[in-house]
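# Fold and contact review
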Number of protein chains: 2
Amino acid sequence: MIKVFENPGAAEWSELARRPHIDLTSMLDTVKEVFDAVRSSGDDALRQYTLKYDNVSIDSIAVPDDEIEAAGQYIPDGLKHDIETAIGSLRAMSKAQYQPRVEVEPFDGVRCWYDYKPIDKVGLYVPAGSAPLFSSVLMLAVPASVAGCPEKILCAPPDKDGRINPAILYAAGQSGVNKIFRIGGIQAIAAMTLGTESVPQVYKICGPGNRYVTAAKQFATFFGTAIDMPAGPSELMIVADGEADPSLVAIDFLSQLEHGPDSQSLLVTTSKTLIEDFFKWVDEQIVMLSRREIVKRGLSNCRIIYMEDMQQVIDFANFYAPEHIIFHTENCREHAEAIRNAGSVFVGGRSSVSAGDYISGSNHVLPTGGYAKGFSGLNLQTYMHGVYYQAIDNSGVIELAGHIYSMAHFEGLDGHSMAFTSRL
Amino acid sequence: MIKVFENPGAAEWSELARRPHIDLTSMLDTVKEVFDAVRSSGDDALRQYTLKYDNVSIDSIAVPDDEIEAAGQYIPDGLKHDIETAIGSLRAMSKAQYQPRVEVEPFDGVRCWYDYKPIDKVGLYVPAGSAPLFSSVLMLAVPASVAGCPEKILCAPPDKDGRINPAILYAAGQSGVNKIFRIGGIQAIAAMTLGTESVPQVYKICGPGNRYVTAAKQFATFFGTAIDMPAGPSELMIVADGEADPSLVAIDFLSQLEHGPDSQSLLVTTSKTLIEDFFKWVDEQIVMLSRREIVKRGLSNCRIIYMEDMQQVIDFANFYAPEHIIFHTENCREHAEAIRNAGSVFVGGRSSVSAGDYISGSNHVLPTGGYAKGFSGLNLQTYMHGVYYQAIDNSGVIELAGHIYSMAHFEGLDGHSMAFTSRL
């Protein structure tokens, strides 16, 4: 059922690191059509596409403030406490990620500084799941609040009654979202990119979504809107040695597949015995999962790889660049420190991915599909941008004049040279 | 010739902040065609498009190492010293931008840290200009070197003899570029995105370029390749009060237009007298510029705006989000600190934009077109990405179990719940 590979050669690595293929460019025509409609018809287009794609007719696009305020009545007190706790640890991490201004004085009379400013308007997107993904609201909104972004709007698709689940509304209200809109899919991304009568244009759009949302976010960048990262199906790489607990390895492997049939789990291990035990535990545990049908479908994307040497495992991990990686190994700390390309690293068998998904303070909006080679998981800096400043006085002008004269002339920009030497 | 606006109302601001229009999506067909060809024919496609777009037939795509080493023979010693000096100040700023690992312990037994890692493979793009833009090489390569990116490749279009100017080669060699390829335009971006026989695939592509290069970089993101920022024509906003020196204001205004006929200068001032003097100095200085024909064409994109109130000027600046902004004002420090949306801020009349273009330590690869609302100028972090880590011990498992059980169940992910509680 799950394919096992033994000591694969480096030539096979590309194949082993392959994700379920998604050709985003094939969705461009659909995306472009929706963007065009939203640009020309605004809110009317949002209502039409919501009827077409979400099968529901909505009247007001914005969720009224009193509906957000009342949301707490419909969710259990325990969950409210969980949300409060998760906000606390996300706030702690976000605050730690704050970067103070840096300043240098490379020449006498020349001061240069670089300062981080919150982005004025950000748009958060939370997809519809079979359950209300309130945890994604927290992951997106808490860092934006700590960053100090003045305007934080959130879009989420409406359910079949045209409503957004109260847990989503409550989490958004608690974590500082200013305004919520009941729209999803391409039309939500188009609305935040272009602006409509109801939905303000934003400067950056963040959050996970299906392939259409992902293609729409990429398309939004053509209009100068920044995005957090491309998103794709969730994935986990498990590294295990002979000391690993096979029952934990199995449940980690299976639980990752709950997210959807295109999720992927990889087990890479230096122990053949572990593989045998692992299969027993998979059979035993899979029947206990209420989402076992989804999980079973995901197994065809999964791989088990035996490698003799732990250094090779680390190299493969950096090549694969997993969204999540967990080390069920004896020297887990040392192994984890060697990981350069991953969204989130779980160090040791106690460090369950579920903790990072909900509450430990790390973010669960992470680069998938190998994009962890060039992208970061969502963090405070996602919501800030840097601005350079410089102040030069007369002594600085004297210091630099000769250099700038010669460099500008070499590039044929004598106006640049003149602009500087006029200061002498 | 240059339009003057007096006390424009807020309704006019959008029009006043408008940039020369570029519809990047209209270039998608061309971009897609080149990407398809590069994917299927690799180096052959690169040679074909170089012949088609750059009118030159190239044999070897990579510049041989000995050609790079010999480049220093062909440029003046003074320029070598300038380059060395500029590298020094860029290094100083890049080092200051280094972010150490941050760690939090939000619960007993739960440690979470976030660490910045250099991106393994980065691609730098330097456009062809009417002159060799060696300064852009430095701006791109020095932060990548300080970041510690192991593989830094550079693409630049060949001249009519199939060569890259020695100043480009020398600057690249001095600032740590590993490999240089004589290709430009869409084909260069496609090569770095997809990889060919000669050109390695990279994880992030940085650097300015014309509209085709910009559209190609945006398209590259559909393949999971990260980019620095969308680029557009260069622009400057000058803020001046009655104390400003009109001759400096005029030469700053004009020198910005040297970059090309689609460049834009805006003068926003609280002094009507300054406007009168400014025009005199423009007439006097424009004739002295060797690029005066280009500069004259750019004047039609320019605007002069009179506003009574400095606070309004600041608000307009944050709305316009200029690539460069200079304050020729008495309280320049205070005004500059109020700027949130800009690429680079020049504080006071001595602080010429030319200094930031070449040598003061700030970067000249900056967001244009209003993108400074959501993007940062090129900086050390452009070449790094963050990775989350967490280590949980038995006491942490006990602390978190109740929360995760309840949150995972609410989202319908009972495998996530089981994965965690199995650790108890």
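Keep in mind the model is a prediction, meaning the values are calculated, not measured.

### Remarks on unusual backbone geometry
The residue A:N7 is not glycine, and still its phi comes out positive at about 40 degrees. Structurally, A:N7 can be placed in the loop between β1 (3-6) and α1 (13-16). On the basis of relative accessible area, A:N7 is assigned to the partly exposed category, the value being 32%. The residue B:N55 is not glycine, and still its phi comes out positive at about 55 degrees. By the secondary structure assignment, B:N55 is in the loop between α3 (43-54) and α4 (65-70).

### Here we look at the environment of A:R291
Inspection of the secondary structure assignment puts A:R291 in the loop between α11 (272-286) and α12 (292-298). By relative accessible area, A:R291 is classed as buried at 14%. A:R291 has contacts with A:S130, A:A131, A:E258, B:E411, B:G412, B:L413 and B:D414, leaving out every residue within four places of it along the chain. A distance of 3.0 Å separates a polar side-chain atom of A:R291 from the backbone oxygen of B:G412.

### Quick notes on the interface of chain B and chain A
Contacts between the two partners involve 124 residues from chain B, matched on the other side by 124 residues from chain A. Area buried by chain B at its contact with chain A is led by B:F222, B:Y388 and B:R423, which between them contribute 8% of it. At the boundary of chain B with chain A, the tally comes to 6 salt bridges. Measuring nitrogen to oxygen at the nearest pair gives 3.0 Å for the salt bridge that ties A:D120 to B:R340. Between the two partners, chain B and chain A, sit 74 residue pairs in polar contact (both at pLDDT 80 or more). A per-class count over the side of chain B that touches chain A returns 64 nonpolar, 41 polar and 19 charged. Bridge analysis of strand β13 (residues 344-347) of chain A against strand β14 (residues 384-392) of chain B gives 3 bridges, and the strand direction is parallel. Within the sheet, the bridge partner assigned to A:S344 lies in β14(B) and is B:Y388.

### Quick notes on the pattern of salt bridges
A complete count under the given rule lists 42 salt bridges over all chains for this structure. Two residues, A:K217 and A:D228, come together in a salt bridge whose shortest N-O distance is 2.7 Å. Residue A:K217 is located in helix α9 (residues 211-220), and its partner A:D228 is located in the loop between β8 (226-227) and β9 (235-240); the two are separated by 11 residues in the primary sequence. Here A:K217 falls in the buried class, since its relative accessible area comes to 3%. Taking the relative accessible area as the measure of exposure, A:D228 reaches 11% and is therefore buried. The partner of B:R39 in a salt bridge is B:D36, with the nearest N and O atoms 3.0 Å apart. Remark: B:D36 and B:R39 occur in helix α2 (residues 28-41); sequence separation between them is 3 residues, near one turn of the helix.

### A closer look at the environment of A:A92
Residue and element names in this part refer to chain A. Topologically, A92 is positioned in helix α5 (residues 77-96). Overall, A92 belongs to the partly exposed group, its relative accessible area being 30%. Counting along the chain gives 270 residues from A92 to S362, while the straight-line C-alpha distance between them is 9.8 Å.

### Things to note about the packing of helix α10 (residues 246-256) of chain A against helix α17 (residues 414-421) of chain B
Running from amino to carboxyl end, α10(A) crosses α17(B) at an angle of 160 degrees, the nearest separation of the two axes being 8 Å. Compared by their axis directions, α10(A) and α17(B) come out roughly antiparallel. Considering how the two elements wind past one another, α10(A) and α17(B) form a crossing that is left-handed. Facing A:I251, A:D252 and A:S255 of α10(A), the residues of α17(B) in contact are B:G415, B:H416, B:M418 and B:A419.

So, how was this worked out
Residues numbered from 1 in each chain as written. Chains lettered and ligands numbered in written order. Predicted model: local features only at pLDDT ≥ 70, side-chain atom pairs only at ≥ 80, totals over all residues. Heavy atoms only, no water. Helix = DSSP H or I, 4+ residues; strand = E, 2+ residues; numbered from the N terminus. Buried < 20%, exposed > 50% of the residue type's maximum accessible area, 1.4 Å probe, protein only. Contact = heavy atoms within 4.5 Å. Polar contact = N/O pair within 3.5 Å; in protein donor to acceptor, adjacent residues only side chain to side chain. Buried area = accessible area lost by both parts, 1.4 Å probe. Salt bridge = Lys/Arg side-chain N within 4 Å of Asp/Glu carboxyl O. Nonpolar A, V, L, I, M, F, W, Y, C, P; charged D, E, K, R; others polar. Pairing = 2+ DSSP bridges. Axes fitted to C-alpha atoms, helices over the stretch in contact; angles between N-to-C directions. Parallel < 35°, antiparallel > 145°, perpendicular 65-115°, else oblique. Left-handed = near helix turned anticlockwise from the far one by under 90°.

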